[in-house]
Amino acid sequence: MAAPILYINRESGHSYKVALALRLMGIGYEQRPVDLNVPRAERSADFRAVALFGEVPVFVDEDGLAVCQSNAILDFIARRYGKLDGRTPAQRTRVREWLAWEANRIAMSLPHLRFSKRFTRADAALEAWWTQRMHADFDRLDEALLGSVFLAGDAPTIADMSCCGYLFWADQAEVDLARWPAVLAWLERIRSLPGWRAPYDLLITSPPIAAGTRT
Ligand SMILES: N[C@@H](CCC(=O)N[C@@H](CS)C(=O)NCC(=O)O)C(=O)O
């Protein structure tokens, strides 16, 4: 059996979510960087063969099964390796509720705002909209974390990996998380987990995002 492969880009928080989960699970795998400046149709043949949507991350397991979409990959690896999942059926359901929430909320605000501030500027109206949604998302997370150590109980799960991924780059979106103390405390708990690595320490070098690139 071949080692699993994770196609990533160093500037992709979606890639980081999965890389962090694999690291905390102790699963060995090979990272392959993808140049996001290259049009999707011209990316490497091995990537195009497995990337159903042309995006990173893509995970290819030991049997060659390719899984796309960060939260689907998190769900897949939690079940495949039996780690970072809820302990009870109710907790496992709660975990997947957070995955679905993240895809429609955090993934639709903070990553876009951060990309605009750091790489290719979007309209001011779009930035304002993403900022407003991001604040509402952080309010919701803060409320959840006031009464819970992690998002689905007292142990970390893929729900935490999904929701925390981009928050380690909050400074790049020029947002100060001090307004959300429960979120800050939760990020600190995640940072303290054995094996935790910051995004740029975990994701290998990829061709830098060129000026004007949109993802
Ligand atoms: N919903 C996807 C989003 C993935 C995504 O937006 N990937 C970006 C990098 S963070 C990408 O590959 N962009 C390349 C492109 O759009 O060509 C997920 O959760 O995996």
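Conventions and cut-offs
Residues numbered from 1 in each chain as written. Predicted model: local features only at pLDDT ≥ 70, side-chain atom pairs only at ≥ 80, totals over all residues. Domains from an automatic or database assignment. Contact = placed C-beta atoms within 7 Å. Helix = DSSP H or I, 4+ residues; strand = E, 2+ residues; numbered from the N terminus. Nonpolar A, V, L, I, M, F, W, Y, C, P; charged D, E, K, R; others polar. Near = placed C-beta within 6 Å. Buried ≥ 20, exposed ≤ 12 C-beta atoms within 10 Å, placed from the backbone. Pairing = 2+ DSSP bridges. Right-handed = clockwise from strand over helix to strand, strands pointing away. Axes fitted to C-alpha atoms, helices over the stretch in contact; angles between N-to-C directions. Parallel < 35°, antiparallel > 145°, perpendicular 65-115°, else oblique. Left-handed = near helix turned anticlockwise from the far one by under 90°.

1. Description of the domain arrangement of the chain
Many authors give the size of an interface as the accessible area that is lost as the parts come together. Split by domain assignment, the chain resolves into domain 1 (5–83 + 197–202) and domain 2 (89–191). The C-alpha centroid of domain 2 is placed 20 Å from the C-alpha centroid of domain 1. Each partner contributes residues to the interface: domain 1 has 13 residues there, and domain 2 has twelve residues. When residues of the side of domain 1 that touches domain 2 are assigned to their parent elements, the largest contribution, six residues, is made by helix H1 (residues 13–25). Considering only residue class, the side of domain 1 that touches domain 2 consists of seven nonpolar, four polar and two charged.

2. What to know about the site of the ligand
Taken together, 13 residues sit near the ligand, with Ser12, His14, Glu55, Ser70 and Thr215 positioned nearest. In the shell around the ligand, the residues fall into three nonpolar, eight polar and two charged.

3. Looking at unusual backbone geometry
In most cases, non-glycine residues show a negative phi, while peptide bonds are predominantly trans. The omega torsion of the bond from valine 56 to proline 57 falls at 0°, within 30 degrees of zero and hence cis. As for its position among the elements, proline 57 is in the loop between helix H2 (45–50) and strand E3 (58–60). Phi at glutamine 69 is positive, roughly 75°, even though this residue is not glycine. In this structure, glutamine 69 sits in the loop between strand E4 (66–68) and helix H3 (70–81). What makes glutamine 69 partly exposed here is the crowd of 19 C-beta atoms within 10 Å. With phi around 55°, leucine 84 is a residue other than glycine that occupies positive phi space. Within the fold, leucine 84 resides in the loop between H3 and helix H4 (89–104). What makes leucine 84 buried here is the crowd of 21 C-beta atoms within 10 Å.

4. Quick look at the pairing of strand E2 (residues 30–33)
The pairing of strand E1 (residues 5–8) with E2 spans four bridges and is parallel. What sits directly across from isoleucine 8, in E2, is proline 33. A crossover links E1 with its parallel partner E2, the connecting element being H1, and its sense is right-handed.

5. Topic: the packing of helix H5 (residues 110–118) against helix H6 (residues 124–146)
Viewed as axis vectors pointing N to C, H5 and H6 meet at an angle of 140°, and their least axial separation amounts to 8 Å. For the element pair H5 / H6, the angle class is oblique. Between H5 and H6 lies a crossing of left-handed hand. On H6, the residues that touch Leu110, His112, Leu113 and Ser116 of H5 are Glu127, Trp130, Thr131 and Met134.

6. A word on the environment of asparagine 9
Here asparagine 9 lies in the loop between E1 and H1. Residues asparagine 9 and proline 33, spaced 24 residues apart in sequence, show a C-alpha to C-alpha distance of 5.3 Å.

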